[in-house]
Amino acid sequence: DGGITQSPKYLFRKEGQNVTLSCEQNLNHDAMYWYRQDPGQGLRLIYYSQIVNDFQKGDIAEGYSVSREKKESFPLTVTSAQKNPTAFYLCATLRGVGNEQFFGPGTRLTVL
Amino acid sequence: QQPVQSPQAVILREGEDAVINCSSSKALYSVHWYRQKHGEAPVFLMILLKGGEQKGHDKISASFNEKKQQSSLYLTASQLSYSGTYFCGTGNSGGSNYKLTFGKGTLLTVNP
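Residues numbered from 1 in each chain as written. Chains lettered and ligands numbered in written order. Predicted model: local features only at pLDDT ≥ 70, side-chain atom pairs only at ≥ 80, totals over all residues. Heavy atoms only, no water.

All names here are of chain A. All chains considered together, the criterion is met by three salt bridges over all chains. Measuring nitrogen to oxygen at the nearest pair gives 2.7 Å for the salt bridge that ties Arg36 to Asp38. Take Asp38: its relative accessible area is 14%, and that puts it in the buried class. A salt bridge links Asp38 to Arg44, with the shortest nitrogen-to-oxygen separation between them at 2.8 Å. Put simply, Arg36, Asp38 and Arg44 are held in one network by salt bridges that share partners. (Salt bridge = Lys/Arg side-chain N within 4 Å of Asp/Glu carboxyl O. Buried < 20%, exposed > 50% of the residue type's maximum accessible area, 1.4 Å probe, protein only.)

Residues and elements named next belong to chain B. Spatially, the four strands line up as an open sheet ordered 1-3-8-7, and their pairing is antiparallel. Looking at strand neighbours, the two that pair on one side only are strand 1 (4-6) and strand 7 (61-65), the edges of this open sheet. Strand-to-strand, the axes of this sheet are offset by a mean angle of 15 degrees, without reference to chain direction. Across six bridges, the pairing between strand 3 (residues 18-23) and strand 8 (residues 70-75) is antiparallel. Within strand 8, the residue paired with Val19 across the bridge is Tyr74. (Pairing = 2+ DSSP bridges. Helix = DSSP H or I, 4+ residues; strand = E, 2+ residues; numbered from the N terminus. Axes fitted to C-alpha atoms, helices over the stretch in contact; angles between N-to-C directions.)

Taken together, the side chains of Tyr10, Phe12 and Leu112 of chain A make up a nonpolar region of the molecular surface, amounting to roughly 380 Å² of accessible area. If you trace the backbone, Phe12 of chain A turns up in strand 2 (residues 10-13). (Patch = residues over 30% accessible without salt bridge, like charges linked within 9 Å, V, L, I, M, F, W, Y side chains within 5 Å. Areas by Shrake-Rupley, 256 points an atom, 1.4 Å probe, with all protein chains shown as cover.)

Residue and element names in this part refer to chain A. The two faces of strand 1 (residues 4-7) differ: Ile4 and Gln6 on one face are buried, but Thr5 and Ser7 on the other face are not. Of the strand pairs in this sheet, strand 1 and strand 3 (residues 19-25) are connected by four bridges, and their pairing is antiparallel. Within strand 3, the position partnered with Gln6 by the bridge is Cys23.

Attention now moves to the state of the cysteines. Residue and element names in this part refer to chain B. Considering all chains together, one arrives at two disulfides over all chains under this definition. What pairs with Cys22 in a disulfide is Cys88, and their sulfur atoms sit 2.0 Å apart. Disulfide Cys22 to Cys88: torsion about the S-S bond roughly 70 degrees, handedness right-handed. On the criterion of sequence distance, the pair formed by Cys22 in strand 3 and Cys88 in strand 9 (residues 84-91) is long-range, its members being 66 residues apart. Cys22 gets classed as buried once you look at its relative accessible area, which sits at 3%. (Disulfide = S-S within 2.5 Å.)

What is shown is where atoms sit, not what they do.
Rendered as structure tokens:
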């Protein structure tokens, strides 16, 4: 079955620690996206990548970093510079312009 | 800049109709509609493209007014399963730097 995998579903970290969220897809889609969701805020774009070895900042990139070394993988690192990292993080892919965006199941990150 | 959705919340009885609006301050190439249940990933409902093309489900309809930069989602004869938060995502262009900007969502509750 084709799809997007995000692991783990729940993640707990201490304040000041970096943490990397995994996103893997086997849909063979070129474009991948990371969103952050907070209650009442909708989905806000953190980073996106249209092709391997290239990525762009979204609307709220500060305190985050990404890499795109393989087409299938787009990991997101939440650094200690991110002031309010506790949120629900969603990874998504896109087959092409004008097509639906597919979402992974999400990772809920809680920083204690 | 996030598109503006209205209303923020709506409560229906099973069988009633609802309209959810999405308005942008920027010229739009596409409008995507998604429904999200609490703690889950958004699920695709509909895409409307500049020029009139639509892709989506049979039981959901929507309109896209390119001049007014607005879209509306029409839910008819609502069912209990329609409950959730509805998001519109607006596509910036048809080019290689394609990304979606999502509204803050409309919470729809359908009661028996």
